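Here is what each chain is made of, one letter per residue.
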Amino acid sequence: MQRLLLPPLKAFVGSRGVGLLVPRAASRAQCGCSFGSRRPLRPGQYGTIAEVALRSGKGTAPLPSRAAEQAVGRWLLVCSGTVAGAVILGGVTRLTESGLSMVDWHLIKEMKPPTSQEEWEAEFQKYQQFPEFKILNHDMTLAEFKFIWYMEYSHRMWGRAVGLAYILPAAYFWRKGWLSRGMKGRVLALCGLVCFQGLLGWYMVKSGLEEKPESYDIPRVSQYRLAAHLGSALVLYCASLWTSLSLLLPRHKLPETRQLLWLRRFAGGTAGLVFLTALSGAFVAGLDAGLVYNSFPKMGDSWIPEDLLTFSPILKNVFENPTMVQFDHRLLGITSVTAITVLYFLSRRVPLPRRTKMAAVTLLTLAYAQVTLGISTLLMYVPTPLAATHQSGSLALLSGALWLMNELRRVPK
């Protein structure tokens, strides 16, 4: 077997640690191997061990540079912003009862809105064949229909823009070699989740277009599908934001004390609680549960209303009884703000960097602002501007929780 003879090695210190330099031979034959290089090798020229391995076809590609990581991080930060915009716009669409105005789904065809009077009449006639018009909006005019149609159209077009914001830059960064192996898997998962989110949105809308002869309730989408649609959007948002923060913000070298370990775990549990509270809001919206008891802190004249467990079996109340759904959302909101308050005071007992302290203060401020918005929305019978602000506040609060978790993450050894 032919042996590979290399000249003496020299050490160097680079941005990624200590490495070795190999003097490049004047020709391929001097090293007894073929590097596959198109450039002539000059005597005395050095290359890294990784470069020599690459030329022999036995190495792996170098890790993306810090500048590439920053570019990917900024891209994912923008993507998380577009997802937040989609969630907020979707909330407004739900509040204005516009989500069932477009009764079919086409990926390309529906991108062009109606332009002539005849096209608008045809679109309106399609809407008139479905339960929402027959039961709720039977006296709606064409001008009123155009408003709700454009609301839903804006939400769908924004969703397509979100998909392009993920997929096109991902293909570019992949081709440029700016994604590490682990990041490639994560980006593929994010792009897949975007596509799944679009299909889930139409699956949700279909539930509100179905005829239900046995029901006399107002036509609305399934609260289960609405929660799934919102939940997948929140997962997409959290994953994108977490990844971008991890790439953009340098990690703190914090002493691994028992107090820090408990603080890190408590921050993770609090973030999960905030996520669950935001998700429960989908059931409140889906059942119009915000209009059941418009008083605080009591629900009507009692702390625990009598109709809390009217459905059978009992578990059905958690997801289908508007009174129980509102009660659960209140309870989760109060528990979340209590946990955030405790988390803040725990953080004051641990020596933390300035940026981490700022994240804790920001989270506390957002929590009390969100509770104020929620109570105000309830007492004022859910006005659309205030309710939309409350929904946006849930994203801001979730972002603050993720920021603090990211600040407390462990530095790899």
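Residues numbered from 1 in each chain as written. Predicted model: local features only at pLDDT ≥ 70, side-chain atom pairs only at ≥ 80, totals over all residues. Heavy atoms only, no water.

**Things to note about the overall build of the chain**
Per the secondary structure count, the chain includes 12 helices and 3 strands. By sequence separation, contacts in the chain at least 24 residues apart represent 72% of the contacts at least 6 residues apart. A total of about 22900 Å² of accessible surface is found on the chain, and carbon and sulfur atoms cover 65% of it. (Helix = DSSP H or I, 4+ residues; strand = E, 2+ residues; numbered from the N terminus. Contact = heavy atoms within 4.5 Å. Areas by Shrake-Rupley, 256 points an atom, 1.4 Å probe, with all protein chains shown as cover.)

**Side note on the UniProt feature "transmembrane region" (unreviewed entry) in the chain**
Sequence positions flagged by UniProt for "transmembrane region" (unreviewed entry) are, in local numbering, residues 157–175, 187–205, 225–249, 270–293, 329–346 and 358–382. Its end C-alpha atoms 27 Å apart, residues 157–175 is made of 100% helix and 0% strand. Along residues 270–293 the backbone is 71% helical and 0% strand, and the end-to-end C-alpha distance reaches 27 Å. (UniProt positions renumbered as here; feature names shortened; annotations may be inferred.)

**Regarding a nonpolar patch on the surface**
A cluster of nonpolar residues, Phe296, Ile334, Leu379 and Met380, forms a patch on the protein surface that exposes about 370 Å² of accessible area. Locating Leu379 in the fold gives a position in helix H11 (residues 354–379). The exposure class of Leu379 is partly exposed, given its relative accessible area of 41%. (Patch = residues over 30% accessible without salt bridge, like charges linked within 9 Å, V, L, I, M, F, W, Y side chains within 5 Å. Salt bridge = Lys/Arg side-chain N within 4 Å of Asp/Glu carboxyl O. Buried < 20%, exposed > 50% of the residue type's maximum accessible area, 1.4 Å probe, protein only.)

**Side note on the packing of helix H8 (residues 258–286) against helix H10 (residues 322–347)**
One way to put it is that H8 packs onto H10 with a least axis distance of 9 Å and a crossing angle of 160°. With respect to H10, the axis of H8 lies roughly antiparallel. Once H8 is placed against H10, the crossing between them reads as left-handed. Contacts from Leu263, Phe266, Ala267, Thr270, Leu273, Val274, Leu276, Thr277, Ser280, Gly281, Phe283 and Val284 of H8 reach H10 at Val325, His329, Leu332, Gly333, Thr335, Ser336, Ala339, Ile340, Val342, Leu343, Leu346 and Ser347. Tallied by class, residues from the contact of H8 with H10 come to 15 nonpolar, 9 polar and no charged. (Axes fitted to C-alpha atoms, helices over the stretch in contact; angles between N-to-C directions. Parallel < 35°, antiparallel > 145°, perpendicular 65-115°, else oblique. Left-handed = near helix turned anticlockwise from the far one by under 90°. Nonpolar A, V, L, I, M, F, W, Y, C, P; charged D, E, K, R; others polar.)

**Focus: the packing of aromatic side chains**
The geometry of an aromatic ring pair comes down to the distance between the two centres and the angle between the two planes. Tallied over the entire structure, the rule returns 18 aromatic pairs. With a centroid separation of 5.4 Å and 85° between ring planes, the pair formed by Trp149 and Tyr150 is classed as edge-to-face. According to the relative accessible area criterion, Trp149 is buried, its value standing at 2%. For the ring pair Phe173 and Trp178, a centre distance of 5.6 Å and an interplane angle of 25° mean the geometry is stacked. (Phe/Tyr/Trp six-rings, centres within 6.5 Å; stacked < 30°, edge-to-face > 60°.)

**Points about the pattern of salt bridges**
Following the criterion strictly, the structure yields 10 salt bridges and no others. Of the charged contacts in the structure, one is a salt bridge between Glu152 and Arg156, with a shortest N-O distance of 2.9 Å. Of this pair, Glu152 and Arg156 both sit in helix H5 (residues 142–176), 4 residues apart, roughly one helical turn. Grouping residues by exposure puts Glu152 and Arg156 together as buried. Between Asp288 and Arg220 there is a salt bridge whose closest N-O contact spans 2.9 Å. Of the two residues, Asp288 is situated in the loop between H8 and helix H9 (316–320) and Arg220 in the loop between helix H6 (181–209) and helix H7 (223–248); the sequence distance between them amounts to 68 residues. Residue Arg220 is classed as buried on the basis of its relative accessible area, which comes to 16%. Linked by salt bridges that have partners in common, Arg94, Arg220 and Asp288 make up one network.

**Overview of the nonpolar core**
Trp75, Tyr166 and Leu408 are the most contacted members of the largest nonpolar core, which totals 55 residues. Examining the composition of this core, we find that 9 residues originate from one element, helix H2 (residues 66–95), more than from any other. Those residues in contact with Tyr166, other than ones at most four positions away along the chain, are Trp75, Cys79, Ser80, Val83, Leu190, Cys191, Val194, Leu236 and Ser240. Counting 27 residues, the second largest nonpolar core, distinct from the first, contains Val103, Phe133, Met140 and Val221. (Core = buried A, V, L, I, M, F, W, Y, C linked by side-chain atoms within 4.5 Å.)

**Here's the deal with the state of the cysteines**
Two cysteines, two sulfur atoms, one covalent bond between them: this is a disulfide. Taken as a whole, this structure holds 0 disulfides when the rule is applied. Of all cysteine sulfurs in the structure, the one in Cys195 sits closest to Cys191, which takes part in no disulfide; the separation is 7.2 Å. (Disulfide = S-S within 2.5 Å.)

**Some points on the side chain of Arg225**
Structurally, Arg225 can be placed in helix H7. Buried within the structure, Arg225 lacks any salt-bridge partner; its nearest side chain of opposite charge belongs to Glu210, at an N-O separation of 4.4 Å. Those residues within four positions of Arg225 in sequence are excluded, and the remaining contacts are Tyr203, Met204, Lys206, Ser207 and Glu210. (Lys, Arg positive; Asp, Glu negative; His and termini not counted.)

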